[in-house]
Structures are given as structure tokens and as C-alpha cells.
Amino acid sequence: MTVKGRIFSGMQPSGNFHLGNYLGALENWVKLQDQYECFFCIVDWHALTSTFENTEAMPKRTYEMALNWLSAGLDPEKNTIFIQSQVKEHAELHLLLSMMTPLSWLERVPTSKDKLAQLGSQGTDINTHGFLGYPELMTADIALYKADTVPVGIDQLPHLELTREIVRRFNNLYGREVFVEPKEMLSQASLLPGLDGRKMSKSYGNEIPFAASEKEIREKVRQMVTDPQRVRRADVGNPDVCPVFTFHKVFSPAVVVTEIDQECRKAGIGCVDCKKCLADHMVNALAPIHERRIVLEQQPERVHEILAAGAEKARKVADETMRSVREVMHLPN
């Protein structure tokens, strides 16, 4: 295996992981693990920037996220899989970066403004130092491991550009290339709509959980909306506006996708049969994930061992980086 470079990426343990999340990032991670040296981090400190008042569920959500990653196919033998708060160097570097990052840089991040407005409209006050400093913590996450590549969506590009600016400023201030300026890897994600055709989201109640059982998958598919113009079985349909067809393009073989497309447009197949066909292919495609999950659920100690081993490995890399940071900043090692 030829390794192209080093990747860092993370997810917050939100506790509502669904198929849209899987196809948006995790599926791609599984592919990347054979090409890059990967550090995959459950960023629980990041989660606290908006859930600091309710932390009781954090241990369970963190465990669930690890379970999701491993059942999806992330291999602990190929990757470093760990929890952010178990590597204290993340907090130390975050603090040191906050000493030299201009306040105006943080205040201009558009995604932060959007989230602040969104949560504020829901009655959640996150006008905190931790929330404002979120991009600095993200920078620390990436810089600690000198990751040269970061998989991101388009909406996260402003955060990554700020990471590069902070890294560049640090290197210039202290006269040494301690950190690497990471480049983006834009995610080529398959976007799934929710059951009602809107964006898949737990807040809409239209999601299919990543850990859904075969019975639950079939029931969720049965509830999906279809082409709104197709009222009767004899009506011709338009797959281009049908959420069910979008799922077919992700989970069904190409030959089936072509057949569904053609038959729907001439009313050769009804929505009930189309959904049954989709459910069969979804269950088949997700079967290896569910089989791994069943095994892992019976071995919770194995999951915790993987996270502990990953944290130990991550700490060694992070400690080496921090020694260089303290040296150039003339701090005791």
C-alpha cells in the first residue's frame, strides 16, 4: 500500500447518526483508510460548544459513535481512532493558538454566524468563548498531527482556510515550520433526502437511523413520499423528483436503477413495488454493516480497548508536536 499523506477528520458525538451522515462522510473515510495514514477523532470537546448544559448523555453518545465507525468498516489496525478529550494536548495547543489568533478572524467565520443564529432562534444561548474559539480548537486538532489533507464539505471550507491562516501566522511568528498547512479534500458525497423529501435530519423526524434494523428499514421505506403528481397506479411518474429513486441510485445496482427509471416513466411499476424493491436492496447493501455491529455490541470492552489504544497512539504523535511548539515559544518542556 502506497500512503499518499496524512488525514485528520472528526465528528461530534451527537447521538442521532443516520444514513445521510454515513453517506456524507463515513463511507468516504472507509475508502480513504487504504490510501492515507488516518487519524479519526470523536470530537467531544467540540460538541460541548453547543451542549455544555447537558453532558449526561456524552459517554453513551461517544460509545455509539465509535460503534458506528467500526461497524461501517473503519479498521483500527489501519487507522488511529480516538476520543479528543483523552488527548490533553488538544486543549494545550488550543490555548496557545488562542494567544496569537486575532479576534476579528474568529468573528468573521460565516458558518459560526449561521449556527449562532440558528441555535439562538431555538432558545439556545451559545455566546460563549468556547463557541467563538471553535475554529481554533479545530486548528489544534489538525495541526497536532501535522495532517496535510482534511476531508470537508463545501460549507466547512471557511473553517479550513482559517486553519491555514492560523498555522501560517504561527510559523511566521516563531520562525520555524512547526505546522503543515492542510489542503482540503472535498467530499464527493451521495446526498440523501429524508422520508418527506426534505434534507434528512432528526429535527425533521424524517431520518433513517444508521443502526436501523431490517424491519425498521422496510417500515421507513414504506413511509417515503413519492412523485407528488403520481396519484394513481396508472399515472406515469417522474423519477427525477422522487426521493425513492434517489435512494435507488445509492443502494440499487445500476441495471435496477435503469429499469426503475424506464418503468416508472411509463407506469410499468407502481410505487408500492418500487419501494419494496428499494427496501430489498438497502437491506442487502447494509447487511455487512449490521452484521459487524451485532458482533461489536456483544463486545463493548473491545470498543473501549480500541479507543484507549487509539488515544495512546495519538498522544505519542501529539506530544512530539507539542515539544516543538513549546521549544519555539520558549516554554518549558
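For every chain, the first residue of its written sequence is number 1, and the numbers climb from 1 along that sequence. Per-residue local features are limited, in this predicted model, to residues with pLDDT of at least 70; the limit for side-chain atom pairs, both in listing and counting, is 80 or more; totals at the level of whole chains, interfaces and linings are taken over all residues. Side-chain descriptors were evaluated using all non-hydrogen atoms of the structure, hydrogens and water having been removed beforehand.

Trainee: Quick question: what am I supposed to make of the overall build of the protein here?
Mentor: The secondary structure content of the protein amounts to 14 helices and 5 strands. At 22 Å, the protein has a C-alpha radius of gyration in line with the 20 Å of a compact globule built from 333 residues. For the protein, the spread of C-alpha atoms along the three principal axes comes to 75 × 40 × 40 Å. Burial classification: accessible surface area is computed with a 1.4 Å probe over protein chains only, and a residue below 20% of its type maximum counts as buried, one above 50% as exposed, and the rest as partly exposed. Expressed as a percentage of the 333 residues in the protein, the buried residues total 48%. The long-range fraction of contacts in the protein, counting pairs at least 24 apart against all pairs at least 6 apart in sequence, stands at 79%. Helix and strand assignments come from DSSP, with helices taken as H or I runs of at least 4 residues and strands as E runs of at least 2, each series counted from the N terminus. Only C-alpha atoms enter the radius of gyration, while the globule expectation follows 2.2 Å times N to the 0.38, with N the number of residues. When checking whether two residues touch, look at their non-hydrogen atoms; a contact exists if any pair is within 4.5 Å.

Trainee: It is not clear to me how the packing of helix 11 (residues 243–251) against helix 12 (residues 254–265) should be interpreted in this structure. Could you clarify?
Mentor: In a packed pair of helices, the relevant descriptors are the angle between the two axes and the axis-to-axis distance. Between helix 11 and helix 12, the shortest axis-to-axis distance is 8 Å and the interhelical angle comes to 160°. Compared by their axis directions, helix 11 and helix 12 come out roughly antiparallel. Where helix 11 crosses over helix 12, the handedness of that crossing is left-handed. For the pair helix 11 and helix 12, the contacting residues are Phe245, His248 and Lys249 in the first and Val256, Val257, Ile260 and Asp261 in the second. Residue classes in the contact of helix 11 with helix 12 are distributed as 4 nonpolar, 1 polar and 2 charged. Helix axes use the C-alpha atoms of the stretch in contact, all axes being lines fitted to C-alpha atoms, and the angles between their N-to-C directions lie in the range 0 to 180 degrees. For classification purposes, an angle smaller than 35 degrees is called roughly parallel, one larger than 145 roughly antiparallel, one from 65 to 115 roughly perpendicular, and anything else oblique. Crossings are sorted by hand: turned counterclockwise from the far helix by less than a right angle, the near helix makes the crossing left-handed, and turned clockwise it makes it right-handed. Each residue receives one of three labels: charged for Asp, Glu, Lys and Arg, nonpolar for Ala, Val, Leu, Ile, Met, Phe, Trp, Tyr, Cys and Pro, and polar for the others, Gly being one of them.

Trainee: Looking at this model, I keep getting lost on the pairing of strand 4 (residues 149–152). Mind explaining?
Mentor: On a regular strand, one side chain projects to one face of the sheet and the next to the other, so that they alternate. Along strand 4, one buried face is formed by Thr149 and Pro151 and the opposite face, lined by Val150 and Val152, is buried too. Only strands that DSSP links by at least two bridges are regarded as paired with each other. When strand 4 meets strand 5 (residues 183–186), the two strands line up parallel, connected through 4 bridges. Its bridge partner lying in strand 5, Val150 is registered against Glu184. Clockwise travel from the first strand over the helix to the second, with the strands pointing away from the viewer, marks a crossover as right-handed. Since strand 4 and strand 5 lie parallel, the crossover through helix 9 (residues 157–174) that links them has a hand, and here it is right-handed.

Trainee: Mind showing me how you'd approach the pairing of strand 3 (residues 79–83) here?
Mentor: The buried fraction of strand 3 is high, at 5 of 5 residues. Neither face of strand 3 is left uncovered, since the one carrying Asn79, Ile81 and Ile83 and the one carrying Thr80 and Phe82 both have all their residues buried. Relative to strand 3, strand 2 (residues 37–42) runs parallel, the two sharing 5 bridges. Looking at the pairing, Phe39 lines up with Thr80 of strand 3.

Trainee: Help me understand the nonpolar core in this model?
Mentor: It is characteristic of soluble globular proteins that their nonpolar side chains tend to be buried jointly. If you look at the biggest cluster of nonpolar residues, it comprises 54 residues, and the most contacted ones within it are Leu19, Leu26, Trp69, Ile208, Phe247 and Met282. If one sorts the elements of this core by residue count, helix 13 (residues 271–297) sits on top with 8 residues. Apart from the residues lying within four places of it in its own chain, the contact partners of Trp69 are Met11, Leu26, Trp29, Phe40, Cys41, Ile42, Leu74 and Ile81. Grouped together as the second largest cluster of nonpolar side chains are 37 residues, Phe39, Val87, Ile166 and Val325 included. Residue types Ala, Val, Leu, Ile, Met, Phe, Trp, Tyr and Cys, when buried and joined through side-chain atoms within 4.5 Å, form a set referred to as a nonpolar core.

Trainee: Is there a simple way to explain the pattern of salt bridges in this structure?
Mentor: Charged atoms that come close allow side chains of opposite charge to pair. When a carboxyl oxygen of Asp or Glu is within 4 Å of a side-chain nitrogen of Lys or Arg, the pair counts as a salt bridge. Here the structure, examined in full by the defined rule, presents 21 salt bridges. Of the charged contacts in the structure, one is a salt bridge between Lys78 and Asp34, with a shortest N-O distance of 2.5 Å. Of this pair, Lys78 sits in the loop between helix 3 (58–72) and strand 3 while Asp34 sits in the loop between helix 1 (19–32) and strand 2; the two residues are 44 residues apart in sequence, bridging distant segments of the chain. A residue is classified by how much of its surface remains accessible, and Lys78, at 40% relative accessible area, is partly exposed. A residue is classified by how much of its surface remains accessible, and Asp34, at 36% relative accessible area, is partly exposed. Residue Lys266 is joined to Glu263 by a salt bridge in which the shortest nitrogen-to-oxygen separation is 3.4 Å. When salt bridges that share partners are traced, they join Glu214, Arg218, Lys276 and Asp280 into one network.

Trainee: Mind showing me how you'd approach the packing of helix 2 (residues 44–51) against helix 8 (residues 134–144) here?
Mentor: Direction vectors running N to C along helix 2 and helix 8 enclose 175°, while the axes themselves pass 10 Å from each other. Classified by the interaxial angle, the pair formed by helix 2 and helix 8 is roughly antiparallel. Contacts from Trp45, His46 and Thr49 of helix 2 reach helix 8 at Tyr134, Leu137, Met138 and Asp141. A class-by-class count of the residues in the contact of helix 2 with helix 8 yields 4 nonpolar, 2 polar and 1 charged.

Trainee: Got a minute to help me understand the environment of Lys4 in this structure?
Mentor: With respect to the helices and strands, Lys4 occurs in the segment before strand 1 (6–11). Overall, Lys4 belongs to the exposed group, its relative accessible area being 58%. Remark: the alpha-carbon pair of Lys4 and His90, spanning 86 residues in sequence, is separated by 25 Å. Those residues in contact with Lys4, other than ones at most four positions away along the chain, are Gln35 and Tyr36.

Trainee: Just checking my understanding: could you explain helix 1 for this structure?
Mentor: Along an α-helix, residues three or four positions apart point the same way, because every turn accommodates 3.6 residues. For a helix, the expected span equals 1.5 Å multiplied by the number of residues minus one. End to end, helix 1 covers 19 Å across 14 residues, agreeing with the expected 20 Å (1.5 Å per residue, within 8%). To get the bend at a residue, fit one axis to the 7 residues ending there and another to the 7 starting there, then take the angle between the axes. Where helix 1 bends most, at Ala25, the angle is about 40°. Within helix 1 the residues assigned to the buried category are Leu19, Gly20, Tyr22, Leu23, Leu26, Trp29, Val30 and Leu32.

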